[in-house]
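# Structural overview
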Amino acid sequence: MDWLNALIQGILLGGLYALFAAGLSLIFGVMRLVNIAHGDLIVLAAYMGLTTTIVLGVHPFVAMLLVIPAMALFGYVLQRGILNQTLGDDLLPPLLVTFGLSVIIQNALLEVYTADPQKMDAGALETASVSVGGLSLGILPLMTFGIAVVIIAGLQFIFYRTALGRAFRAVSDNQDIAQLMGLNRRHVFGLAMALALAVTAIAGILLGIRTSFDPSIGGGRLIFGFEAVIIGGLGNLWGTLAGGVILGAAQTLGAKIDPGWQLLAGHIVFLFILAIRPNGLFPRISG
Amino acid sequence: MPEPILNIDRLDAYYGDFQALYGVEMTVQEGEVLAIIGSNGAGKSTLLRSISGLMDNDADQIRYRSEPIGRLRADQIAKKGIALVPEGRQLFPSLSVEENLVIGGQVGRKGPWSLDKVFKLFPVLEERRSVASTSLSGGQQQMVAISRALMSNPDLILFDEISLGLAPVIIKSIYDALPGIVGEGMSAVIVEQDITKALSVSSRVYCLQEGRVSLTGLSDAVSREEISRAYFGVEQ
Amino acid sequence: MTTSQYSVSRSSNAARMATVFGVIALIILIAAPYWAGRADMRLMSELFLYLALASLWNLMAGYAGLVSVGQQAYVGFGGYMLFAATIFLGLHPMAAVAAAALLGALIAVPVALLIFRLRGAYFAIGTWVMAEVFRLSFSQISALGGGSGTSLPVGIVRSIAASRQSREAISYWLALGAAIIVVLAVYLFLRSRRGLALTAIRDNELAAQSLGIDIWRTKFLVYIVTAALTAMTGALIFLQKLRISPDAAFSVNDWTAFVIFIVVIGGIGTVEGPIIGTLIFFALRETLADLGTIYLMVLGAVAIIVMLKAPKGLWGLIRDRFDLQLFPLGYRVKKDDKEGT
């Protein structure tokens, strides 16, 4: 029963990792950009949530209503102001610029909030649970997983059913021809980053409610998101959810064996899948 | 003579250090079909890329309805009413046939062309509207590429090598559709390897050779000799 | 009668002068234990080891197109191998440094086989995952102090040399030697046939492929050699520190972020860039380090600005302006006017 419990906790944790991964996957899909600062942006969102809850005295979920648009706006400005200049055939500029950004965000957070771990207070929600078949499931992990499913379904809808998604796919296919269709790729990229950081805002606040956080943990969150993307298969949003679930389950089961094995177990599963299925478990079937 | 819809004035174009066009002068009149011929590498595609904004030029080198557009981005030029049917068709592989057409219409210009009208022009596209654009035959893909450009209701449409790599019977059906397209009052520039075809559909012709205009004239008045001299640059 | 002749050579006046100055500077540096204070020698040792790391990272990212953000894996691995080989096997520290390099190459083979499956930017994050795996694995080894780390036993430290003064001199010479070996190795490699192939790949992967250059094998070789030399450098770093812990050994900030900034600011894809970058980095650190986090933010911002506005770094700017090359890699054509030939 303990093992089953660990497995289910891991699956629910996977929802959070899928949210880490969704933003990463989205911007890679649209503009082939891998954002090294992605994890630090998640942590930034957590701190923005923390400040909002403290200053306005509101619940973290209410704070989300402010943090989401703020992060989206930041994403648009960041993309148009800096990241668009790095896009081209050369791999180095986007990688090194986002790496620099990662160091800047991390140290700015250290400067403002210090290295002390912080946590957001979600009140009674944090301890509430339901009993299902003898297992006690936390409401918060269940909600996190539910939110992840809804967000991924929403992204899937935007990508394949709306004019914005059509523009994303067209620009991703062929930037020049997309320009001929009246699409300004710089604006489209800005919107993609805005959407990615809106998802990141949700991920950051859910992270901040679930565990304590400090400015240095961004790199680890980037890695979890990245592992979920690769396990699931590049360019497949539902695969990303599956990747997150596999990673989450590996971590909680690893921790069950030995607490020191929690993260290592996740990495080992990732490397194992990379060894046997380098394109991930659910690679996108190209048309 | 009325004011031309497009006026190209001493246009130079570069790929890095390589100069592809040298002082090209050209006008397109309202409602006419203009043909551009020339051998591979003569600069035909570069000229169309410059007009449609995919290459950077000086503002005054290209004027559209008297407005300098040489510096504008491709998306801005598309909104002003110039559409390009690119060489090699270049459909969006992630988009279905219908999505490829709809995205062409997203430029937001009003005019006679709509999804229904395009489907009337090429009925086969309606049957295959929801399949992936990559699953179409070459000729059908070319129909989508032309229709996608038409969906933006342009005033000037540029065709780059639309018969390249297609079977003769397909080429014929596409060219048969052409009068119906330009009959709507649109101006057109056609880049074509097949000289006979180019002359038969156009009113005027320009020949490019190594980035320079080597011949201009009325399509039904230029002689074979003049063309081969302008085309190859040697007396024959 | 005067005819013009053209001769082709790699060398230039600037390069010859740089050689002369280089030799003089080297002699002065070798003599440092006789003229410099302890603190200065420590600082210079650290500078040399950073120069080695930066040159190696530059070889991978600037020439082989392998952008790694996980080289701390090999720095830490080398450090731990030094400790393991001296404590468990009783090797002399010098032998342990060599062993660390060898083991670094060995462990890099399976790592490369795995992460070479990832392309471009995903390769970069893959290297980071590997570094995390190394860090977490070494945290599990209780004989090496687990998560809190361990110190080098006094007996082993003494085996380097009896007096502290000569230990510090030897340690300094090792660091200087490592920097010279690495810079020379990178330079000679780039001049070799394989090195030229590498530059060809960087400039045009497709064209290089059509010339029959085996890209995968060349990149693989670069990765393994870089891993070995990075592990050697890591062993020397922790021979200086005499104490190791997983967090210090596998720190992404210390062993990768700083190194990337050094290379980007100095000039990526040039042999000279890492040298200039290391000098600037240490000059900035010694003057601004009191600012702490602000200093790091400034460093990050400078790197971003350099990447966007001068992607070939400071050395690129100098080279374009004065047509200088201190480590001649390309050939230049010279016109000689000669009488009556």
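Every chain's residues receive numbers from 1 upward, in the order its sequence appears when written. To read the labels, note that chains go from A and ligands from 1, taken in the order they are written. With the structure being a predicted model, the display of local features is reserved for residues of pLDDT at least 70 and the display and counting of side-chain atom pairs for 80 or more, all residues being used for whole-chain, interface and lining totals. The side-chain quantities take in all heavy atoms of the structure and omit both hydrogens and water.

Next up on the list: the overall build of chain B. Secondary structure elements are taken from DSSP: a helix is a run of H or I of four residues or more, a strand is a run of E of two residues or more, and numbering for both begins at the N terminus. Each helix and strand in chain B was counted, giving 9 helices and 10 strands. For chain B, the C-alpha radius of gyration of 17 Å lies close to 18 Å, the compact-globule estimate for 236 residues. On the principal axes, the C-alpha backbone points of chain B span a range of 50 × 40 × 35 Å. Relative to its 236 residues, chain B shows a buried fraction of 53%. Sequence separation of 24 or more characterises 66% of the internal contacts of chain B that already satisfy a separation of 6 or more. Radius of gyration means the value over C-alpha atoms here, while the globule rule gives 2.2 Å times the residue count to the 0.38 power. Working definition: with a 1.4 Å probe on protein chains only, accessible area under 20% of the residue-type maximum means buried, over 50% means exposed, and in between means partly exposed. By the convention used here, residues are in contact when the closest approach between their heavy atoms is within 4.5 Å.

Further remarks concern the overall build of chain A. The helix and strand inventory of chain A stands at 11 helices and 2 strands. In chain A, the succession of helices and strands from N to C terminus is α-α-α-α-β-β-α-α-α-α-α-α-α. The C-alpha atoms of chain A give a radius of gyration of 19 Å, which matches the 19 Å a tight globule of 287 residues would have. By its C-alpha atoms, chain A is 60 × 50 × 35 Å across when sized along the principal axes.

The next thing to look at is the nonpolar core. It is characteristic of soluble globular proteins that their nonpolar side chains tend to be buried jointly. Side-chain atoms within 4.5 Å link the members of a nonpolar core, which is a set of buried Ala, Val, Leu, Ile, Met, Phe, Trp, Tyr and Cys residues. Ranked by internal contacts, the top residues of the largest apolar core, which has 239 residues, are B:Leu6, B:Leu47 and C:Tyr223. A total of 16 residues in this core trace back to one element, the largest contributor, which is helix α3 (residues 38-63) of chain C. Once residues lying within four places of it in the same chain are set aside, the contact partners of B:Leu47 are B:Ile8, B:Leu11, B:Leu21, B:Val24, B:Met26, B:Ile36 and B:Leu208. Ranked by size, the runner-up nonpolar core spans 34 residues in total, among them B:Ala83, B:Leu101, B:Met143 and B:Ala145.

All names here are of chain A. Between its first and last C-alpha, helix α5 (residues 139-161) extends 32 Å over 23 residues, near the 33 Å set by a 1.5 Å rise per residue. Within the span of α5, buried status applies to Leu140, Pro141, Thr144, Ala148, Ile151, Ile152, Leu155 and Phe159. Buried residues belonging to α5 abut α1 (2-31), α3 (60-81), β2 (135-138), α6 (163-173), α8 (185-210) and α10 (237-257). Here the expected span of a helix is defined as 1.5 Å times the quantity of residues minus one.

Okay, the sheet that holds strand β2 (residues 18-28) of chain B next. Backbone-to-backbone hydrogen bonds join strands into a sheet, with any given pair of strands oriented parallel or antiparallel. Residue and element names in this part refer to chain B. A pair of strands is considered paired only if DSSP assigns at least 2 bridges between the two. On the basis of which strands lie adjacent, the open sheet formed by 4 strands has the order β2-β1-β4-β5 and antiparallel pairing. The outermost strands of the open sheet, each flanked by one partner alone, are β2 and β5 (67-68). Between N-to-C directions, angles cover 0 to 180 degrees, with each direction set by a line fitted to C-alpha atoms, over the stretch in contact for helices. The sheet strands contacting helix α1 (residues 44-52) are β1 (6-15), β2 and β4 (62-64), and the helix crosses β1 at an angle near 115 degrees.

With 23 residues of chain B in contact, the opposing surface of chain A contributes 18 residues. Simply put, the buried area is the total loss of 1.4 Å probe accessible area from both parts when two parts are fitted together. Across the chain B to chain A interface the summed buried area is about 1900 Å²; carbon plus sulfur atoms make up 59%. Here a salt bridge means any side-chain nitrogen of Lys or Arg lying within 4 Å of a carboxyl oxygen belonging to Asp or Glu. Inspection of the region where chain B meets chain A yields 2 salt bridges. As a salt-bridge pair, A:Arg169 and B:Glu99 come within 2.6 Å of each other at their nearest N and O atoms. Within 3.5 Å is the distance limit for a polar contact, defined as a pair of N or O atoms, with the added protein rule that one can donate a hydrogen and the other accept it, and that residues adjacent in sequence qualify only through two side-chain atoms. At the junction of chain B and chain A, the tally comes to 7 residue pairs in polar contact (both at pLDDT 80 or more). Contributions of two or more residues to the side of chain B that touches chain A are made by α1, α2 (74-80) and α3 (97-105) of chain B. Residues belonging to the side of chain B that touches chain A are distributed by class as follows: 11 nonpolar, 6 polar and 6 charged. Residues were grouped as follows: Ala, Val, Leu, Ile, Met, Phe, Trp, Tyr, Cys and Pro as nonpolar; Asp, Glu, Lys and Arg as charged; and all remaining residues, including Gly, as polar.

Facing 41 residues of chain A, the contacting portion of chain C comprises 38 residues. Here chain A packs against chain C, burying approximately 3600 Å² in sum over the two surfaces, 83% of which is carbon and sulfur. When the buried surface of chain A facing chain C is broken down by residue, A:Leu96, A:Phe99 and A:Phe226 rank first, second and third, together holding 16% of it. Our count for the chain A to chain C interface comes out at 0 salt bridges.

Moving on: unusual backbone geometry. The phi torsion at A:Thr114 lies on the positive side, around 65 degrees, for a residue other than glycine. Looking at the secondary structure, you find A:Thr114 in the loop between α4 (92-113) and β1 (129-132). Phi at B:Arg10 takes a positive value of approximately 45 degrees, unusual for a residue other than glycine. When you line up the elements, B:Arg10 lands in strand β1.

The next point concerns the environment of B:Pro86. In this structure, B:Pro86 sits in the loop between β6 (82-85) and α3. Sequence separation of B:Pro86 and B:Ile146 is 60 residues, and the distance between their C-alpha atoms is 9.0 Å. Among all residues touching B:Pro86, those that are not within four sequence positions of it are A:Ile177, B:Arg148 and B:Asp160.

All names here are of chain B. Within the fold, Ser152 resides in the loop between α6 (138-150) and β7 (156-160). Of the polar contacts made by the side chain of Ser152, one reaches the backbone oxygen of Ala149; its length is 2.8 Å. Dropping the residues within four chain positions of it, Ser152 is found in contact with Ala83, Gly104, Gly105, Val107 and Arg109.

What follows concerns the arrangement of the chains. Among 2 pairs of chains with at least one contact, chains A and C form the most extensive contact set. Without any contact between them, chain B and chain C keep their closest C-alpha atoms 15 Å apart.

So, on to the pattern of salt bridges. Residue and element names in this part refer to chain B. Considering all chains together, one arrives at 22 salt bridges over all chains under this definition. The shortest N-O distance in the salt bridge between Lys44 and Glu161 comes to 3.9 Å. With a gap of 117 residues between them, Lys44 in helix α1 and Glu161 in the loop between β7 and α7 (168-182) connect regions that are remote in the sequence. For the pair formed by Lys44 and Glu161, the shared burial category is buried. Residues Arg109 and Asp155 are paired through a salt bridge, measuring 3.2 Å at the closest nitrogen-oxygen approach. Here Arg109, found in the loop between α3 and α4 (115-121), pairs with Asp155, found in the loop between α6 and β7; they are 46 residues apart in sequence, far enough to count as distant.

Right, let's get into a nonpolar patch on the surface. All names here are of chain C. Grouping into patches uses exposed residues only, defined as over 30% relative accessible area, and leaves out salt-bridged ones; the cut-off is 9 Å for like charges and 5 Å for nonpolar side chains (Val, Leu, Ile, Met, Phe, Trp, Tyr). The Shrake-Rupley method, run with a 1.4 Å probe sphere, supplies the accessible areas, and residue values consider only the shown protein chains as cover. Residues Met17, Val20, Phe21, Ile24, Ile28 and Trp35 make up a contiguous nonpolar surface patch of about 650 Å² in total accessible area. Ranked by the residues each element gives to the nonpolar patch, the list is headed by helix α1 (residues 13-30), at 5 residues. Mapped onto the elements of the fold, Ile24 is located in helix α1.

What follows concerns the pairing of β2(B). Residue and element names in this part refer to chain B. With 7 bridges joining them, β1 and β2 adopt antiparallel strand pairing. In the strand pairing of β2, Leu6 is matched with Val28. Connecting β1 to the antiparallel partner β2 that follows it, the hairpin turn spans 2 residues, and Gly16 within it adopts a positive phi of roughly 60 degrees.

Residue and element names in this part refer to chain B. With mixed pairing, 6 strands are arranged side by side in an open sheet as β6-β7-β8-β3-β9-β10. Each edge of the open sheet carries a strand with a single partner, namely β6 and β10 (212-218). The sheet shows a mean angle of 15 degrees between the axes of neighbouring strands, taken without regard to direction. The pairing of β7 with strand β8 (residues 187-191) spans 5 bridges and is classified as parallel. From the neighbouring strand, Leu158 faces β8, where its bridge partner is Val189. In this fold α6 packs onto β6 and β7, with an angle of close to 175 degrees to the strand it touches most, β6.

This paragraph deals with the packing of α5(A) against α10(A). All names here are of chain A. Remark: α5 packs on α10, axes separated minimally by 9 Å, with the N-to-C direction vectors making an angle of 160 degrees. With respect to α10, the axis of α5 lies roughly antiparallel. In this structure, α5 meets α10 at a crossing whose hand is right-handed. Contacts from Phe145, Ala148, Val149, Ile152, Ala153, Leu155 and Gln156 of α5 reach α10 at Leu237, Trp238, Leu241 and Val245. An angle below 35 degrees is read as roughly parallel, one above 145 as roughly antiparallel, one from 65 to 115 as roughly perpendicular, and any other as oblique. It is the rotation of the near helix from the far one that decides the hand of a crossing: anticlockwise by less than a right angle makes it left-handed, clockwise makes it right-handed.

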